[in-house]
Amino acid sequence: MVLPVPHTVAELATDGVIEQAGVDAARPLITSVEFNAPPTADLTPDADVEVRLGPDNRTAAGTRVARIADGEWTWLTGRIVDAGGEDLAAPGPATPDHLRAARTLFNGATALLAPHDDGVTSVVVLTEPPARGSVVDALRFGLPLTVGRDAERALRSFATVRGLTLTVEGDEWVLSDGTRLVLRDGVIVDVAGVGVSLSRVRADAHYPAVEHQLLLDGRFPDAVLTMVPGNPVGRLTASNGATIEPHCDILATVADGVFRWEASSRAGQAVRRFGHDQAIAVLAAEEVPERLAEELGLIDMAKPITGLWQHVWVDLGDRRAVVLLDDPQLRLPSPTAEALAAVLRTPVPQGVTIGAARAGYAAFRGVELPPRLVAVDMDGTLLDGEGKIPAEFWPLLERAAQQSVTIAPASGRQLATLQAMFDDRPAGSRAVSSFIAENGTAVSHNGKIISTTPMPDESAHRVIDVAAGLECWLVVCRPEAAYVLYIEDDYIREQVQTYHRSMRVVEDLHSVVNGEVIKLAFITPHVSEDYLAPVLRETVPECSVAVSGKHWVDVMSADANKGVALLSLAQTLGVAAEDTIAFGDYLNDMELLRAAGVAYAMANAHPEIKAIADVIAPSNVEHGVITELNALLG
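Residues numbered from 1 in each chain as written. Predicted model: local features only at pLDDT ≥ 70, side-chain atom pairs only at ≥ 80, totals over all residues. Heavy atoms only, no water.

K.L.:
Would you explain the overall build of the protein chain in this entry?
P.N.:
What the protein chain contains, in helices and strands, is 23 helices and 33 strands. Here the protein chain has a C-alpha radius of gyration of 35 Å; the compact-globule value for 634 residues is 26 Å, and the former is much larger. Overall, the protein chain is about 115 × 65 × 40 Å in size when its C-alpha atoms are taken along their principal axes. Across the protein chain, the fraction of contacts at a sequence separation of at least 24, relative to all contacts at a separation of at least 6, is 59%. In the protein chain, 50 positive and 85 negative side-chain charges are present, and the distance between their average locations comes to 4 Å. (Helix = DSSP H or I, 4+ residues; strand = E, 2+ residues; numbered from the N terminus. Rg over C-alpha atoms; globule rule 2.2 N^0.38 Å. Contact = heavy atoms within 4.5 Å. Lys, Arg positive; Asp, Glu negative; His and termini not counted. Charge placed at Lys NZ, Arg CZ, Asp CG, Glu CD.)

Spelled out as structure tokens, the structure:
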């Protein structure tokens, strides 16, 4: 790896900042230092210095690399010219970066300041090979020092010193030892796999912080905090006249676009200590850009670390302060369904998954939260005894949406049929946004088909041929329409039209097999499980044969079923499988219930469906889906 030549002291310091942190982490404690250095008038470059280190009075060899006189740094080592040329070696006002740059020249070795009686200070670097901390320790303590620097330069230099390679994979930088670092806007914010991740802290903090802040704003609207320097107790006054005297702790201050953790407060110290322990650089750093602090939600992240959950802003004149509050009146009451729903309606910030945030909130509050995705079969499940959507469904759908819960009908019916059924809704009612149609071969969200699973053309042709010798009627289903031969029987025609709103009559079913057939649906006057299913399974063993009703059978790709469709929809919505539930009653719901986090079988369900269910719901005639979801939503 070729590194750019440093042109400034700051760049040279950046080159060594991570490695130096690793050396410091591995270095034994030094309690005292004595020097035997050349006189200050002797300006010999790289002069030898004898150093005695406590507590064990150990003697070590050192090299004088610079001197500081009247605040000006003068280099006294030839390595500075070798590193960056004469311009880099020019004298200048002494800064902390000069000391870091000196250490960089000597591979991160310890640097010491040796004061002389005449006011001059010699800068001495120990020449013994330094002990190096592990890669993780170096990153744990070094990354906070890269905030505000060229992080890529610092990391590439560190990798070179350690003999590692560095590759970039999206928002992560990966060292050849497997260490992965998470970046945000050019700042290394976290070391993946070391301690608690930044994303986990953000997720766990989000909803509890929201609820606490809602409590503060509700009880003390437009709160103004008055503080007296040196007094940890302030006075909080609200626009409704309410007042309290909470304990106050300044978490951080903001000035000139920079967010700084408060060094003198217990809260600020606790956050930085946690950041070091967990290798979360933005928490361990002294300061970060204000924009990044807002983007990452550092204030809310600090709250579970400090145990103080509410904050207000206070104007300190030259800067603004974030003050954390503690008072008995700011404690959360026992959770209620209404309060949980209000909190869960708050959007999660970018970079935080809803599932992780909900899991953290459920653990924090000690409650079970409603699922995020509910798949509901139609016939025999959601639909009542007359085959209609219960009137109670529509207010339930609204309540679910308010809690960020998606309800998706999951049926063997055609997508167009499902959409038409739910478009016929009371005025002002919310629209259903997600559908699992055609027994899972077509999935739609927000009006767009997000997945289809066609069956092999050769299998479709074979089934069409076999159907000609059976007492049945066949429907060839494609995403845009269902295709049938002319059906003379009025009852059968009505049944087919009930489930296939978009239907076209053709003379030859083979003619519509074109790589887009997602299902072949059969209706027979016989019991389909006994009459059709065995023949079809023998005809196309490579396909899935699902008994979808007493007189209905569906043939689909072996890769398609309602369960696969549920997981596809969940992935689109960013929902974990364990945050899904499903309701079903018949054999074509088997995979759906098995895929869901919690499986509900209706009281009227097939015995095999009841056998795999986690919960038996009241029957569809008793509106069991409505009853169970009302209980879950609170």
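So much for the structure itself; the text now carries on.
K.L.:
Before we go on, may I ask you to explain the nonpolar core in this structure?
P.N.:
In summary, soluble globular proteins display a tendency toward joint burial of nonpolar side chains. Ranked by internal contacts, the top residues of the largest apolar core, which has 52 residues, are V476, L520, F522 and V555. Counting residues per element, this core draws most heavily on helix α20 (residues 562-573), which supplies five residues. Composition of this core by domain shows at least three residues from each of domain 3 (373-452 + 561-633) and domain 4 (457-557). Contacts of L520, omitting those with residues within four sequence positions, involve M455, A460, V463, L474, V475, V476, V553, D554 and V555. (Core = buried A, V, L, I, M, F, W, Y, C linked by side-chain atoms within 4.5 Å. Buried < 20%, exposed > 50% of the residue type's maximum accessible area, 1.4 Å probe, protein only. Domains from an automatic or database assignment.)

K.L.:
Help me understand the domain arrangement of the protein chain in this model?
P.N.:
A common way to report how large an interface is uses the accessible area buried once the components associate. Here the protein chain is partitioned into domain 1 (28-126), domain 2 (198-330), domain 3 (373-452 + 561-633) and domain 4 (457-557). Placing the centre of domain 2 and that of domain 4 at their C-alpha centroids yields a distance of 64 Å.

K.L.:
It is not clear to me how the sheet that holds strand β10 (residues 180-184) should be interpreted in this structure. Could you clarify?
P.N.:
Hydrogen bonds between backbone atoms are what pair the strands of a sheet, whose relative direction is either parallel or antiparallel. Strand order in the open sheet formed by four strands is β8-β9-β10-β11, and the pairing between neighbours is antiparallel. This sheet does not close on itself; its edge strands, each paired only once, are β8 (166-169) and β11 (187-192). Averaged over all adjacent pairs, the angle separating strand axes in this sheet is 30°, with direction ignored. Examined bridge by bridge, β8 and strand β9 (residues 172-175) share four bridges and lie antiparallel to one another. Bridged to L166 within β9 is L175. Helix α5 (residues 151-161) contacts β8, β9, β10 and β11 of the sheet and is inclined by roughly 10° relative to β9. (Pairing = 2+ DSSP bridges. Axes fitted to C-alpha atoms, helices over the stretch in contact; angles between N-to-C directions.)

K.L.:
Any chance you could explain the packing of aromatic side chains here in plain terms?
P.N.:
Centre-to-centre distance and the angle between the planes together describe a pair of aromatic rings. On inspection of all chains with the given rule, the structure shows 10 aromatic pairs. Here a set of aromatic residues connected by ring pairs shows up, and it is made of F393, W394, F422 and F435. The lysine or arginine in question, R79, covers the ring of F106, its NZ or CZ lying 3.9 Å from the ring centre. When the ring centre of W313 is taken as origin, the NZ or CZ atom of R320, which lies over that ring, is 4.5 Å away. (Phe/Tyr/Trp six-rings, centres within 6.5 Å; stacked < 30°, edge-to-face > 60°. Lys NZ or Arg CZ within 6 Å of the ring centre and 35° of its normal.)

K.L.:
Where do I start with the pairing of strand β16 (residues 258-261) in this structure?
P.N.:
If a strand is regular, its side chains alternate between the two faces of the sheet. The pairing of strand β15 (residues 247-255) with β16 spans four bridges and is antiparallel. Looking across to β16, one finds that V254 is bridged to F259. Where β15 hands over to β16, the hairpin turn is made up of two residues, of which D256 adopts a positive phi near 55°. In the sheet, β16 pairs with strand β17 (residues 287-289) via three bridges, with the strands oriented antiparallel. Of the residues in β17, the one forming a bridge with V258 is P289.

K.L.:
Is there a simple way to explain the sheet that holds strand β26 (residues 481-484) in this structure?
P.N.:
Within the open sheet, the six strands sit side by side as β27-β26-β25-β28-β30-β29. Their pairing is mixed. On the outer flanks of this sheet lie β27 (503-505) and β29 (543-549), each paired with one strand and no other. Sheet twist, expressed as the average angle between the axes of neighbouring strands with direction ignored, equals 25°. Pairing of strand β28 (residues 519-523) with strand β30 (residues 552-557) involves four bridges; the strand directions are antiparallel. Opposite F522, over in β30, you have V553 as the bridge partner.

K.L.:
Explanation requested: the packing of helix α6 (residues 198-219) against helix α11 (residues 337-344) in the structure shown.
P.N.:
A pair of packed helices is captured by two measures, namely the crossing angle of their axes and the spacing between those axes. At a minimum axis distance of 9 Å, the contact between α6 and α11 shows a crossing angle of 115°. When the axis of α6 is compared with that of α11, the two are roughly perpendicular. Once α6 is placed against α11, the crossing between them reads as right-handed. Within the contact between the two elements, α6 uses Y207, V210, E211 and L214 and α11 uses A339, V343 and L344. For the contact of α6 with α11, a count of residues per class yields six nonpolar, no polar and one charged. (Parallel < 35°, antiparallel > 145°, perpendicular 65-115°, else oblique. Left-handed = near helix turned anticlockwise from the far one by under 90°. Nonpolar A, V, L, I, M, F, W, Y, C, P; charged D, E, K, R; others polar.)

K.L.:
Could you clarify how one ought to interpret the pairing of strand β18 (residues 310-315) in this entry?
P.N.:
As defined by bridge partners, β18 adjoins strand β19 (residues 320-326) across six bridges and the pair is classed as antiparallel. Each bridged residue has a counterpart across the sheet, and for H311 the counterpart in β19 is L324. Turn length for the β18-β19 hairpin, with the two strands adjacent in sequence and antiparallel, is four residues, and the turn residue G317 shows positive phi of about 90°.

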